[in-house]
Structures are given as structure tokens and as C-alpha cells.
Amino acid sequence: MKKRILYIAALLLAASVSAGQAACYADYKAKKDNPLQLHYGVIQVPNGVCNGRRDAASIIAPRLANQGWTLLNVLSVFDDQGLAGRKASAGRYFLRF
């Protein structure tokens, strides 16, 4: 019985920790040269970088570079609450990378 209670308590604790961690996103501007192309996008980043644009940039730049884009700047870092309002602006670059 004691093992069962401990097991249930561990499951509840694990569920509450994962539910409390909101996803983290950043919006950014990027470019390609020859011919010049610009885009605004939204990208998911690890929760550990959700508190700073500089940390987010270090994650975003290599992802974009793999597709030939150069990161110009990270505008902001936000959680799920800011996601819906940016979807229309990002268009095809919404969660693409």
C-alpha cells in the first residue's frame, strides 16, 4: 500500500511539473541575399532560452543558416499566450524552422 501511494504521488508530481512548463517561442527577422529576400517568422525554442533574446538568437541562427537564411534580429521571446496573435503576420514562416 505504501509503495502504491508513493507511486501515485510521483506520477502526480511529474504531471504537474510538465503541465507547468509552457512552450517557448521567439519571433525574428531574417534575410537571404542574391536576390534579397526578407521574412518575419515565429520559431519554437527550448524553455531554457525563454528569458532572453540573445540566448534565443544562438539557437535560431544555426537553424536558419541550414536553409540559407541569415538571422537579422530576434524581436521578442514569449510563451503560448503570444503565439496566436503572430500567426497571420508570420504566414508560411510560422513554426517553419
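Here, the structure is the one placed above.
Note that the structure is predicted; figures quoted are calculated from it, not measured.

Participant: Could you clarify how one ought to interpret the nonpolar core in this entry?
Facilitator: Most often, soluble globular proteins have nonpolar side chains that are buried together. Ranked by size, the top nonpolar core spans 15 residues in total, and within it Ala-26, Tyr-28, Ile-43, Val-45, Ile-60, Leu-64 and Phe-97 carry the most contacts. Broken down by secondary-structure element, the contributors of at least two residues to this core are β1 (24-32), β2 (37-45), α2 (53-65) and β3 (70-78). It is β1 that contributes the most residues to this core, 4 residues altogether.

Participant: Would you take a moment to explain a nonpolar patch on the surface for this structure?
Facilitator: Taken together, Leu-36, Leu-38 and Leu-72 make up a surface patch of nonpolar side chains, about 330 Å² in accessible area. Relative to the helices and strands, Leu-72 is located in strand β3.

Participant: Would you mind going over the state of the cysteines with me for this structure?
Facilitator: A covalent bond between the sulfur atoms of two cysteines is referred to as a disulfide. For the coordinates displayed, the defined rule picks out 1 disulfide. A sulfur-sulfur distance of 2.2 Å marks the disulfide that ties Cys-24 to Cys-50. Judged by the sign of its S-S torsion, about 105 degrees, the cystine formed by Cys-24 and Cys-50 is right-handed. Of this pair, Cys-24 sits in strand β1 while Cys-50 sits in the loop between β2 and α2, and the two are 26 residues apart along the sequence. Classification of Cys-24 as buried rests on a relative accessible area of 0%.

Participant: What am I meant to see in the packing of aromatic side chains here?
Facilitator: Pairs of aromatic rings are described using the distance from one ring centre to the other and the angle between the two planes. Summed over all chains, the structure comprises 3 aromatic pairs. Their ring planes at 25 degrees and their centres at 6.1 Å tell us that Tyr-25 and Phe-78 sit as a pair that is stacked. One end of the pair, Tyr-25, is in strand β1; the other, Phe-78, is in strand β3, with 53 residues separating them in the sequence. Aromatic ring contacts, followed pair by pair, group Trp-69, Tyr-93 and Phe-97 into a single cluster. The ring of Phe-78 is capped by Arg-86, whose NZ or CZ atom sits 3.7 Å from the centre of that ring.

Participant: For this particular structure, what's the right way to read the side chain of Ser-76?
Facilitator: As for its position among the elements, Ser-76 is in strand β3. Of note is the side chain of Ser-76, whose polar atom sits 2.6 Å from the side chain of Asp-27. At a separation of 3.4 Å, a polar atom in the side chain of Ser-76 contacts the side chain of Arg-86. Those residues within four positions of Ser-76 in sequence are excluded, and the remaining contacts are Tyr-25, Ala-26, Asp-27, Arg-53 and Arg-86.

Calculation notes
For every chain, the first residue of the written sequence is number 1, and numbering continues from 1 onward in sequence order. Where totals are concerned, whole chains, interfaces and linings use all residues; where local detail is concerned, this predicted model gives features only for residues with pLDDT of at least 70, and gives and counts side-chain atom pairs only at 80 or more. Based on all heavy atoms of the structure, the side-chain values leave hydrogens and waters out of the count. What makes a nonpolar core is a set of buried Ala, Val, Leu, Ile, Met, Phe, Trp, Tyr and Cys residues whose side-chain atoms join them at distances within 4.5 Å. Residue exposure (1.4 Å probe, protein chains only): buried if accessible area is under 20% of the type maximum, exposed if over 50%, otherwise partly exposed. Each helix is a run of DSSP H or I of at least 4 residues and each strand a run of E of at least 2, with the numbering of both proceeding from the N terminus. Patch membership requires more than 30% relative accessible area and the absence of a salt bridge. Residues of like charge join within 9 Å; the nonpolar side chains Val, Leu, Ile, Met, Phe, Trp and Tyr join within 5 Å. In this description, accessible areas are obtained by the Shrake-Rupley approach with a 1.4 Å probe, and a residue is regarded as covered only by the protein chains that are shown. Salt bridge, as used here, is a side-chain nitrogen of Lys or Arg placed within 4 Å of a carboxyl oxygen of Asp or Glu. Pairs of cysteine sulfur atoms within 2.5 Å are identified as disulfides in what follows. Note on ring pairs: Phe, Tyr and Trp rings are taken, using the six-membered ring of Trp, and paired if centres are within 6.5 Å. Classes follow the plane angle, with under 30 degrees stacked, over 60 edge-to-face and the rest tilted. For a ring to carry a charge above it, either NZ of a lysine or CZ of an arginine must fall within 6 Å of the ring centroid while also lying within 35 degrees of the normal to the ring plane. Here a polar contact is taken to be a pair of N or O atoms separated by no more than 3.5 Å, where protein atoms must pair a possible hydrogen donor with a possible acceptor and residues adjacent in sequence count only if both atoms sit in side chains. The contact criterion used throughout is that any non-hydrogen atoms of two residues lie within 4.5 Å.

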